[in-house]
Every structure is written in structure tokens, then in C-alpha cells.
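Below are the chains, spelled out letter by letter.
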Amino acid sequence: MVHLDAGLPPEVYPLAWLVGTWRGEGTVAYQGIEPARILSEVAITNDAGPYLTYRATTWHLGPLSDSPTAHDDGPHPAQPDPLPAASRPSPPPDPPWHTESGYWRIPPGQADETGAPRTAPPFEVEVLIADPSGYVTVYLGEADGPRITLASDLVARTANGAEVAAARRLYGLVEGDLLWAWDVAAFGHPLASYLAARLTRQLTQ
């Protein structure tokens, strides 16, 4: 089910299904990073402006070998989670392993093939995400219903920031859950899978 907040500005209607707080488990692995289980929380909000604010927090839950459900070929975070939302673990008390924040928007002035203002998907999307390890990524992509694909258009970093050269992301709504996949090209390695998680919308208190 797609949730639509009647108070959202019309400029962000194509992204309305993202709004809320999402939490769930997944995996992280990359060249030089030991495969591990993670708990991620993504909060997407709107403050009445023509954009969405975004914050993601990830906690490290230990190596995959410590997971009772790990298999020889690794876990499959995109598969349905057997735990109901109420049984999911709360974020552990340890400091987060990773955080990031930014903004999402639908750029104005989009037109269809006839030149008329676009009223149906796909819509162009612009996303800016800042990482505390010293780099900012500008993503361009497309929102086609409850599915968003993004690819980095620009990565800017400080003199000693993380050596990230490119990235790609996918967000999709599947059976009411948010699936998140994140690929990176970093530290001289080619673009490859980095993080994948399946997140459940958290009920407001």
C-alpha cells in the first residue's frame, strides 16, 4: 500500500510513498570490508518545502558468520523477513556505524514527449547526499511509481575524504517494505554491491 500525506506539496507527490521512518536488517560487503549484518533506519520527511529531507543511520550487527540464518551463499536481504514489525530489534545502544543525510526533489519544468507538463511517470529525480567521511554525492535518476533508480552525476570530496568515485542506488516498494540497494566504486575498485537491506515502515506512536 502506498501512503500519501495530504499535507505534502504537490511537487513531491511522485516521492510521497517514501515518506516515513523505515527500519530493518540487511548486509554490507565490499572489497576490504568483511561481510556483515547491519540494521538500518531511514527517515524521510517534509517540512512543507518542495523537497524531502533524508537521513539514514546504520548499525553494525557483527559478521555474517555470527548469524544463525547465514548460508554458504550468504543471506538474501530482499527476501521477506519472518519477523513481524513489532518483533524487530531496536537500534543497539552502540554508536552508529554509518550515517548520511541529504535532500530529494523532483526538478521543475519536466515535460512529456509532446512538450506538455509531465503528469505521469517516469519523473526525473535529483538527490544530494552528504557523508561524514568527507564527500558529497549528487545523484540523478528516475522515479517510476514505487521504484527509484539513481546514479551518481558528481562526487565531490575533501582533500582527505573517502575515495569514492561513483555510486548507484535502487529504492523500491515490495509487499509494503522498502528495498534499498547501494553500489559503489571506491578506493580504486570497480562499481560493485556495497549494501542491501529490506526495511519495514515504522508505525508512529
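Let me begin by describing the structure that accompanies this report. Note that the structure is predicted; figures quoted are calculated from it, not measured.

### Quick look at the pairing of strand β3 (residues 52-63)
Item 1. Pairing geometry for strand β2 (residues 33-45) and β3, over ten bridges, is antiparallel. Considered in β3, the bridge of L39 is made with W59.
Item 2. Remark: six residues form the turn of the hairpin made by β2 and β3, two consecutive strands paired antiparallel; A48 in that turn has positive phi of roughly 85 degrees.
Item 3. Sheet topology note: the β3/strand β4 (residues 98-105) ladder contains seven bridges and is antiparallel.

### Some remarks on the sheet that holds strand β7 (residues 147-157)
Item 1. One closed barrel holds the ten strands; their spatial order is β1-β2-β3-β4-β5-β6-β7-β8-β9-β10, and the pairing between them is antiparallel. Direction aside, the axes of adjacent strands within the sheet are offset by 25 degrees on average.

### Quick word on the pairing of strand β8 (residues 164-174)
Item 1. Across five bridges, β7 lies against β8 in antiparallel orientation. Each bridged residue has a counterpart across the sheet, and for T149 the counterpart in β8 is L170.
Item 2. Hairpin remark: β7 followed by β8, antiparallel, with six residues in the connecting loop.
Item 3. Two elements, β8 and strand β9 (residues 177-186), share ten bridges in a ladder whose sense is antiparallel. Within β9, the position partnered with L170 by the bridge is A181.

### Digging into the packing of aromatic side chains
Item 1. Here the structure, examined in full by the defined rule, presents seven aromatic pairs.
Item 2. On the basis of an interplanar angle of 85 degrees and a centroid distance of 6.3 Å, the ring pair of Y30 and Y194 is categorised as edge-to-face. Pair noted here: Y30 is in strand β1 (residues 20-30) and Y194 is in strand β10 (residues 192-201), with a separation of 164 residues, a long-range link. For the residue pair Y30 and Y194, the accessibility class agrees, reading buried in each case.
Item 3. Taken together, a centroid distance of 6.0 Å and an interplanar angle of 10 degrees make the contact between Y171 and W180 stacked.

Definitions and limits used
Every chain is numbered independently, its residues counted from 1 as its sequence is written. Totals for whole chains, interfaces and linings use all residues, but because this is a predicted model, local features are given only for residues with pLDDT of at least 70 and pairs of side-chain atoms are given and counted only at 80 or more. Calculated side-chain values reflect all of the structure's heavy atoms, with hydrogen atoms and water omitted. When DSSP locates at least two bridges between a pair of strands, those strands are taken to pair. Put simply, DSSP marks the helices as runs of H or I at least four residues long and the strands as runs of E at least two long, and each gets a number from the N terminus on. Each axis is a line fitted through C-alpha atoms, taken for helices only over the stretch in contact, and angles between the N-to-C directions span 0 to 180 degrees. Note on aromatic contacts: the rings of Phe and Tyr and the six-membered ring of Trp form a pair at centre separations within 6.5 Å, being stacked when their planes are under 30 degrees apart, edge-to-face when over 60 apart, and tilted otherwise. Residue exposure (1.4 Å probe, protein chains only): buried if accessible area is under 20% of the type maximum, exposed if over 50%, otherwise partly exposed.

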